[in-house]
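Now for the letters of each chain:
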Amino acid sequence: MKRYNIGLIGFGCVGQGFYEVLKANPSIPAQITKIVVKDASKERAVDRNLLSFNIDELINDPAIDMVVELIDDVDVAYDILKKSLSLHKPVVTANKKMVAENLSELISLQTLYKTPILYEGAVCGSIPIIQTIDRYYQSENITSISGIFNGSTNYILTKILEQNLTYDEALQEAQENGFAESDPILDVGGFDPKFKLSILVRHAFGHWVHPDQILHWGINKLQNQDFDFAKANGLKIKLVAKADYKNGSLSLTVAPHFVNAQDPLFYIDNENNVVIIDGEFVGRQTLAGKGAGSHPTGLAVLSDVKAIIYGTAYHYKIPLEFIIPDSVIDVYVRYDATTDFVVELFESISEKYVGKQSSYVLGSIKLNQLKSILNIDNVNAIVMTQEKKELQTTKLTYSYAS
Ligand SMILES: NC(=O)c1ccc[n+]([C@@H]2O[C@H](COP(=O)([O-])OP(=O)(O)OC[C@H]3O[C@@H](n4cnc5c(N)ncnc54)[C@H](OP(=O)(O)O)[C@@H]3O)[C@@H](O)[C@H]2O)c1
């Protein structure tokens, strides 16, 4: 069997993880023959003869058969992809932002050059979700995909709720463990799971929805009051990505949710991710595991390398027709005396609490109305996942500054 020469671009958290898991698998007919990095002054645990600083030289090298792109720069990564495909060199990438924002064009380029791109590592680290949907759900009518798609925010939320760490301490720990993106707002602002949701939606529903069309907000506006509400009601807060398909409508959100102990998401902690797929024929299937980190993501990258060696490319489902509706959502909204007009925007209210410094309202609101208040200081929303009647809410007296 032909041995593949891999050109690796990027030798950070995932690049090193991939290098190590490939080394641990000597039976795979592939070897890394060149590694491009940016900073010449950094010490690297690798043979210096493998290192280079010129991306074009690597792509144009006729001895390189396959490009593995693992850098954190979206524009450079996109350029690498286009150049490699034009030379009929297959590419493996884990760059979710680049893939999500350009997926429509990436599909056309693969067809044009008859050369595949695989990106399993871009969605939920070690969980083999893209190949699963692409290969095993081709004939299924998927009705919903949801879950926890971001390891670092789940890690932060777990540490705050269970070990009483501050938000900054928990974020620092996530960064030290290699779960966080170089730019933390991609994680804590809810952007990263939105890129992953956009990619999964293309594979599950056959339609590319640009990430900008997905309503999202993150965990960066959560305050002590919100965690106190969760604790007082036996709930956890999870950043949930969700695509629900019903009667030709596809509703898409990435948002913090309150989840109770009956919800499978309640038990997914630390950097772990979970993807829940609901389908007409199979019912519900759940895949859970490490959603980030050097070796877990490195293994997903290696699986793609192997898939390319064995001639795999994505199938891409035929598009369904759908609209993105302005649905009604059940939420908890925290506000203060300067922002109490938010209450007027609700369709219906099941509970309202007015405190000295901080208040909250539980009720139903249209997504577009909710969107209009999400960027206001001192206003934060958390989606309620259980029936409101089941929630015996405990009113809290807020005595600290908001
Ligand atoms: N970390 C995770 O758990 C995880 C999980 C899933 C997907 N991803 C994705 O995987 C990709 C890599 O993430 P990472 O966490 O490994 O990033 P990282 O630790 O910051 O490493 C980035 C690497 O890319 C190199 N690089 C950046 N710009 C470059 C350029 N213009 N030319 C050459 N090399 C360049 C850097 O070189 P220097 O070493 O010289 O700085 C570094 O080696 C990202 O797209 C990320 O979204 C990460």
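Since the model is a prediction, treat every value here as computed from it, not as a measurement. (Residues numbered from 1 in each chain as written. Predicted model: local features only at pLDDT ≥ 70, side-chain atom pairs only at ≥ 80, totals over all residues. Heavy atoms only, no water.)

(A) View of the site of the ligand. Lining the immediate surroundings of the ligand are 25 residues, of which Val-14, Asp-39, Lys-42, Arg-44 and Gly-293 lie closest. At a separation of 2.6 Å, an oxygen atom of the ligand approaches a polar backbone atom of Asp-39. At a separation of 2.6 Å, an oxygen atom of the ligand approaches a polar side-chain atom of Arg-44. Here the ligand has 900 Å² of accessible area as a free molecule, and 88% of this is covered by the chains. Class assignment of the residues belonging to the shell around the ligand gives a composition of 10 nonpolar, eight polar and seven charged. (Near = heavy atom within 4 Å. Polar contact = N/O pair within 3.5 Å; in protein donor to acceptor, adjacent residues only side chain to side chain. Areas by Shrake-Rupley, 256 points an atom, 1.4 Å probe, with all protein chains shown as cover. Nonpolar A, V, L, I, M, F, W, Y, C, P; charged D, E, K, R; others polar.)

(B) Representation of the sheet that holds strand β4 (residues 66–69) within the structure. Spatially, the six strands line up as an open sheet ordered β3-β2-β1-β4-β5-β6, and their pairing is parallel. The two strands at the open ends of the sheet, each matched to only one other strand, are β3 (51–52) and β6 (117–118). Across four bridges, the pairing between strand β1 (residues 4–9) and β4 is parallel. In the sheet register, Ile-9 faces β4, and the bridge partner there is Glu-69. (Pairing = 2+ DSSP bridges. Helix = DSSP H or I, 4+ residues; strand = E, 2+ residues; numbered from the N terminus.)

(C) Structural view of the nonpolar core. Counting 109 residues, the largest nonpolar core has Phe-18, Ile-35, Tyr-119 and Ile-129 as its most contacted members. Filtering out sequence-adjacent residues up to four positions away, Ile-129 remains in contact with Glu-120, Val-123, Leu-200, Val-275, Ile-277 and Leu-287. Of all hydrophobic cores here, the second largest spans 19 residues; its members include Val-331, Leu-370, Ile-373 and Leu-374. (Core = buried A, V, L, I, M, F, W, Y, C linked by side-chain atoms within 4.5 Å. Buried < 20%, exposed > 50% of the residue type's maximum accessible area, 1.4 Å probe, protein only. Contact = heavy atoms within 4.5 Å.)

(D) Local environment of the packing of aromatic side chains. Enumeration over the complete set of coordinates arrives at 11 aromatic pairs. Ring geometry for Phe-205 versus Tyr-245: centroids 5.8 Å apart, planes at 35°, classification tilted. With Phe-205 in helix α9 (residues 191–205) and Tyr-245 in strand β9 (residues 236–246), the pair connects residues that are 40 residues apart, well separated along the chain. Among the aromatic residues, those joined into a cluster by ring pairs are Phe-229, Phe-258, Tyr-332, Tyr-353 and Tyr-360. Over the face of the ring belonging to Tyr-4 we find Lys-2, whose NZ or CZ atom lies 4.9 Å from the ring centre. We note Lys-236 situated over the ring of Phe-266; from NZ or CZ to the ring centre the distance is 4.4 Å. (Phe/Tyr/Trp six-rings, centres within 6.5 Å; stacked < 30°, edge-to-face > 60°. Lys NZ or Arg CZ within 6 Å of the ring centre and 35° of its normal.)

(E) Examining empty space enclosed by the protein more closely. One pass over the full model with this rule turns up one cavity of 30 Å³ or more. If you add up the space inside the largest cavity, you get close to 40 Å³. At four residues, the largest contribution of residues to the lining of the largest cavity is made by helix α6 (residues 151–163). Among the residues making up the lining of the largest cavity, the classes are represented as three nonpolar, one polar and four charged. (1 Å grid on protein atoms, 1.4 Å probe; cavity = no way out; pocket = protein on both sides within 12 Å on 5 of 7 lines; lining within 4 Å. Points joined across faces, edges and corners; volume = space filled by probe spheres on them.)

(F) Representation of the layout of surface pockets within the structure. Counted as a void, the second largest pocket has a volume near 630 Å³. If you trace the second largest pocket, you find 30 residues lining it, with Lys-242, Asp-244, His-257, Ile-329 and Val-383 closest to the centre. Of all the secondary structure elements, the ones that give two or more residues to the lining of the second largest pocket are β7 (142–148), β9, β10 (249–259), β11 (272–279), β13 (328–335) and β16 (380–384). Residues of the lining of the second largest pocket, tallied by class, amount to 12 nonpolar, nine polar and nine charged.

(G) Representation of the pairing of β7 within the structure. Counting buried residues in β7 gives six out of seven residues, a clear majority hidden from the surface. Sheet analysis places β7 next to β11, joined by six bridges and oriented antiparallel. Directly across from Ser-146, in β11, lies its bridge partner Ile-276. Bridge analysis of β7 against β9 gives four bridges, and the strand direction is antiparallel. Bridged to Ser-144 within β9 is Asp-244.

(H) Representation of α9. Between its first and last C-alpha, α9 extends 21 Å over 15 residues, near the 21 Å set by a 1.5 Å rise per residue. Within α9, 14 of the 15 residues are buried, leaving the element largely enclosed by the surrounding structure. Just downstream of α9, Gly-206 is the residue with a positive phi angle, here 70°. (Expected span 1.5 Å × (residues − 1).)

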